[in-house]
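Notes for the structure review
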Amino acid sequence: MPPKNYLTNEYIKYINERACDPIWRMGALAALKQNWYDILLVSQTGLIHFHGNGDTGWEHILNRHSYYSFANQFGKGAQANPSKFTGSSIPIHDFVNVADDIYANGKVDLKPHTEGEMFIKYQGKSFRFVGSNGETRDFNLILYRGTKIVHSLYPKKDIEGNRPKKILENLSRDQNLTSAEKILVSEILTVRLPYINRNNIQRYIIILRINLNTQRGNIHIQTNLPNGDPYFCTSKVMEFGAKLTFMEVHTGSIEFTRFLNGLGLTDLTAIEKVIKDIEKQVFSQIA
């Protein structure tokens with residue numbers, strides 16, 4: 001795996017020096033970005049929030065812990081199934097307030113960590129997030145060691161607790177590659193949901209073929225070789241219902257858009273178990 005793009009000592013020095021300027025305590029008014037290591041704001045407790053990238057800072061938090069994030073994740077446990085904020089979360093409110101609560105009232109986690117020399121972990125509770133209704137939840141706050149620079153922030157468990165859990169360690173459903181196709185005069189809508197590996201190769205494609213007249217569909221699984229070439233297709237794995245009409249699809253209505261976006265949150269555990277069996281029974285023998 002490529003090395004993580006964390007803050008270097010030079011970037012940390014740069015951020016600490018710039019954070020002394022009172023402008024950064026003006027919140028969103030100071031949220032201009034030119035570089036990924038630019039400061040976003042400085043909180044009431046002095047925590048320094050910066051824009052970040054996929055490995056650290058706010059972009060990292062959003063990619064892993066935003067309810068609607070479809071960033072590809074691999075591995076086991078929390079690595080593959082990162083905990084999520086609520087679907088109504090407002091980062092400029094939630095991230096800042098929760099982080100302040102954990103920093104001010106939480107405790108340092110003294111358990112050994114593989115990156116413990118670089119980061120320090122705080123654990124604590126907060127209710128200052130959208131949708132809490134005054135109920136506190138457990139959160140983890142990760143700072144660059146010896147600084148107040150926020151590396152990451154996340155709830156200990158999914159706050160809403162209704163997202164499907166990922167069971168494929170080395171594959172990820174790539175929502176960004178989801179596609180839909182309908183021939184103009186046909187009543188059949190075909191939707192493709194690719195699963196990629198760590199090398200961005202499409203290994204499996206879940207194919208939904210929906211009859212818009214009957215609003216019923218079948219699911220098929222296209223299996224590709226490790227190099228991405230098509231290998232075989234498992235036909236009609238299961239049936240399902242889809243509340244879509246010909247006109248909604250033909251006009252590209254909001255209902256059609258909602259259907260496609262909702263596929264990213266659809267529980268496909270049963271299908272993924274079939275994929276897991278194919279990996280074990282077919283490709284373990286090829287290897």
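Shown above is the structure to which this text applies.
1. Describing the overall build of the protein chain
Scanning the protein chain for helices and strands turns up seven helices and twelve strands. Oriented by its inertia axes, the alpha-carbon framework of the protein chain measures out at about 65 × 45 × 35 Å. Restricting to contacts in the protein chain with at least 6 residues of sequence separation, those with at least 24 account for 50%. For the protein chain, the exposed area adds up to about 15700 Å²; of that, 52% sits on carbon and sulfur atoms. For the protein chain, the centre of its 34 positive side-chain charges and the centre of its 28 negative side-chain charges are spaced 4 Å apart.

2. With respect to the nonpolar core
The biggest cluster of nonpolar side chains holds 25 residues, and the ones touching the most others in it are Leu189, Tyr204, Ile206 and Leu208. Of all elements in the fold, only strand 9 (188–196), strand 10 (202–211), strand 11 (216–224), helix 6 (254–262) and helix 7 (269–286) reach the threshold of two or more residues within this core. What Tyr204 contacts, discounting residues up to four positions off in sequence, is Leu171, Leu193, Pro194, Tyr195, Ile221, Gln222, Thr223, Ile275, Ile278, Glu279 and Phe283. Judged by nonpolar contacts, the second largest core, of 20 residues, contains Phe85, Ala99, Ile102 and Val150.

3. Comments concerning the environment of Gln281
Structurally, Gln281 is set in helix 7. Separated by 31 residues in sequence, Gln281 and His250 place their C-alpha atoms 40 Å apart.

4. Considering the environment of Asp277
Following the sequence through the fold, Asp277 ends up in helix 7. With relative accessibility at 41%, the residue Asp277 sits in the partly exposed group. Linking Asp277 and Gln175, residues 102 residues apart in sequence, is a C-alpha distance of 22 Å.

Rules used throughout
Residues numbered from 1 in each chain as written. Predicted model: local features only at pLDDT ≥ 70, side-chain atom pairs only at ≥ 80, totals over all residues. Heavy atoms only, no water. Helix = DSSP H or I, 4+ residues; strand = E, 2+ residues; numbered from the N terminus. Contact = heavy atoms within 4.5 Å. Areas by Shrake-Rupley, 256 points an atom, 1.4 Å probe, with all protein chains shown as cover. Lys, Arg positive; Asp, Glu negative; His and termini not counted. Charge placed at Lys NZ, Arg CZ, Asp CG, Glu CD. Core = buried A, V, L, I, M, F, W, Y, C linked by side-chain atoms within 4.5 Å. Buried < 20%, exposed > 50% of the residue type's maximum accessible area, 1.4 Å probe, protein only.

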